[in-house]
Amino acid sequence: MNKLEELKTKKEKYLNMLKEKRLMLGESDGAMISQSPSGRFELEEEIQMYQTMINQIQSEIDKLGKT
């Protein structure tokens, strides 16, 4: 598997994780700071982290595509 294929696979994995976290966000308790790990604040942080990782991977894919 070459680097481009690996990055695309990794991106797909993170997209699936992001989708799952967004679904969980709809079911969270709504508190800004919660007592439980299923709280909205924690989920929003995880979603932001996955979105950042996806953006970084897409940048790498774009760079490889141009070469």
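Our structure is the block above this text.
Residues numbered from 1 in each chain as written. Predicted model: local features only at pLDDT ≥ 70, side-chain atom pairs only at ≥ 80, totals over all residues. Heavy atoms only, no water.

It is worth spelling out the overall build of the protein chain at this point. Looking only at helices and strands, the protein chain features two helices and zero strands. Expressed as a percentage of its 67 residues, the buried residues of the protein chain come to 21%. Of the contacts formed within the protein chain by residues at least 6 apart in sequence, a portion of 57% connects residues at least 24 apart. Total accessible area on the protein chain is roughly 5,100 Å²; 54% of this is exposed by carbon and sulfur atoms. (Helix = DSSP H or I, 4+ residues; strand = E, 2+ residues; numbered from the N terminus. Buried < 20%, exposed > 50% of the residue type's maximum accessible area, 1.4 Å probe, protein only. Contact = heavy atoms within 4.5 Å. Areas by Shrake-Rupley, 256 points an atom, 1.4 Å probe, with all protein chains shown as cover.)

Turning next to the pattern of salt bridges. Summed over the entire model, instances satisfying the criterion amount to one salt bridge. In this structure, Glu46 and Lys21 form a salt bridge, with 2.9 Å as the shortest nitrogen-oxygen distance. With Glu46 in helix 2 (residues 40–66) and Lys21 in helix 1 (residues 3–26), this residue pair connects regions lying 25 residues apart in the sequence. (Salt bridge = Lys/Arg side-chain N within 4 Å of Asp/Glu carboxyl O.)

If you look at the biggest cluster of nonpolar residues, it comprises ten residues: Leu7, Tyr14, Leu18, Leu25, Leu43, Ile47, Tyr50, Ile54, Ile57 and Ile61. At the level of elements, helix 1 and helix 2 are the ones that each hand at least two residues to this core. By residue number, the principal contributor to this core is helix 2, which donates six residues. (Core = buried A, V, L, I, M, F, W, Y, C linked by side-chain atoms within 4.5 Å.)

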